[in-house]
Amino acid sequence: MLPAGLVANAVVSASSANLGPGFDSLGLALNLCDEIIVETMDSGLVVVVEGEGADQVPLDADHLVVRAVRRGLHAAGVDAPGLAVRCRNAIPHSRGLGSSAAAVVGGLAAVNGLVARTNSTPLGVDQLIQLCSEFEGHPDNAAAAVLGGAVVSWTDRTGEEPRYSAVPLRLHPDIHLFCAIPEERSLTAETRVLLPTLVSHDEASFNVSRAALLVVALTERPDMLMPATEDLLHQPQRAPAMRGSAEYLRLLRRHRVAATLSGAGPSLIALSTEPELPREALEYGAAHGFAVTKMTAGEGVRWSPGVTVAG
């Protein structure tokens, strides 16, 4: 049992998954971060949320961070009689930027900060990826939030339970990142049902080739980003549910910007060898309610002892 008064914090990056053809496999952390601060108490539960999603999430045991903290405590072989949890959120919710994955990764990492104050064994990187992917059901956002930068992830379903793994990629230094975030929201669960159960061999072959090429483009050949970000398996199917994002995506690509839906959308992620987006693209985004921001690749999750959150 952890004593009362232990405090730890975690800082975790947003993430963009899929990047076009890499459905549920490719991910990229972004330098937009949430901070989670956890303190052990003698009893009870206090949840405080500041920033994004503050008026939309439960402030009780159903909060995703609380669920992740308790899962992490169990995995670490410890317990806490009470918890105070403060979330300082900068990652927009329901925009395709990995806010749920960040909540889980941050909660698990905060557990590592707590157990660092004791003789308990912290969760390793592989454990973090496995545990947070169990919440998500796929490892792309989760692995990017844990490892930072660009990642390739995969799922092994040969055993009784899925095993999730990932490896980092060295993102080419000539690649510039831009994120376009609309005001509208979208839930992954709602857009995933738009995807067909079966795809043709031609469509599968197309996406396999583009996903393989995207790994090359991200690491060695950024001049290949346009063809490498083509997709047939999920973006066309999701387009009717987010017409504004789909139209902006088409405009960006007409201007030779390698843009894709970020995760399930409706945000867009653009990868370019140019330091700025075309003026027409920026003007269109501003006129149609998109906040367009230049970003860099985010770091892997960090944790440490923190400041008190009670009261």
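A brief structural summary. (Residues numbered from 1 in each chain as written. Predicted model: local features only at pLDDT ≥ 70, side-chain atom pairs only at ≥ 80, totals over all residues. Heavy atoms only, no water.)

Below, the discussion takes up the pattern of salt bridges. Considering all chains together, one arrives at eleven salt bridges under this definition. Put simply, E50 and R88 hold a salt bridge, and the shortest N to O gap is 3.8 Å. One end of the pair, E50, is in strand β3 (residues 44-51); the other, R88, is in strand β4 (residues 82-89), with 38 residues separating them in the sequence. E50 gets classed as partly exposed once you look at its relative accessible area, which sits at 32%. E283 serves as the salt-bridge partner of R279, at 3.0 Å between the closest nitrogen and oxygen. Of the two residues, R279 and E283 are both situated in helix α10 (residues 279-287); the distance of four residues between them amounts to about one turn of the helix. Under the relative-accessibility criterion, R279 is labelled exposed at 52%. Judged by relative accessible area, E283 falls into the partly exposed class, the value being 43%. (Salt bridge = Lys/Arg side-chain N within 4 Å of Asp/Glu carboxyl O. Helix = DSSP H or I, 4+ residues; strand = E, 2+ residues; numbered from the N terminus. Buried < 20%, exposed > 50% of the residue type's maximum accessible area, 1.4 Å probe, protein only.)

The next thing to look at is the layout of surface pockets. Looking at the second largest pocket, its volume works out to about 200 Å³. Every residue along the wall of the second largest pocket is listed here: T229, E230, D231, Q235, P236, A239, A246, L249, R250, R253 and L261. Among the secondary structure elements, those contributing two or more residues to the lining of the second largest pocket are α8 (235-238) and α9 (243-254). Per element, the largest residue contribution to the lining of the second largest pocket is four residues, and it comes from α9. Tallied by class, the residues present in the lining of the second largest pocket amount to five nonpolar, two polar and four charged. (1 Å grid on protein atoms, 1.4 Å probe; cavity = no way out; pocket = protein on both sides within 12 Å on 5 of 7 lines; lining within 4 Å. Points joined across faces, edges and corners; volume = space filled by probe spheres on them. Nonpolar A, V, L, I, M, F, W, Y, C, P; charged D, E, K, R; others polar.)

Okay, the packing of helix α3 (residues 125-136) against helix α4 (residues 140-147) next. Axis separation between α3 and α4 bottoms out at 8 Å; the angle between their running directions is 145°. In terms of crossing hand, the pair formed by α3 and α4 is right-handed. For the pair formed by α3 and α4, the contact residues are V125, L128, I129, C132, S133 and E136 on the first element and N141, A142, A143, V146 and L147 on the second. (Axes fitted to C-alpha atoms, helices over the stretch in contact; angles between N-to-C directions. Left-handed = near helix turned anticlockwise from the far one by under 90°. Contact = heavy atoms within 4.5 Å.)

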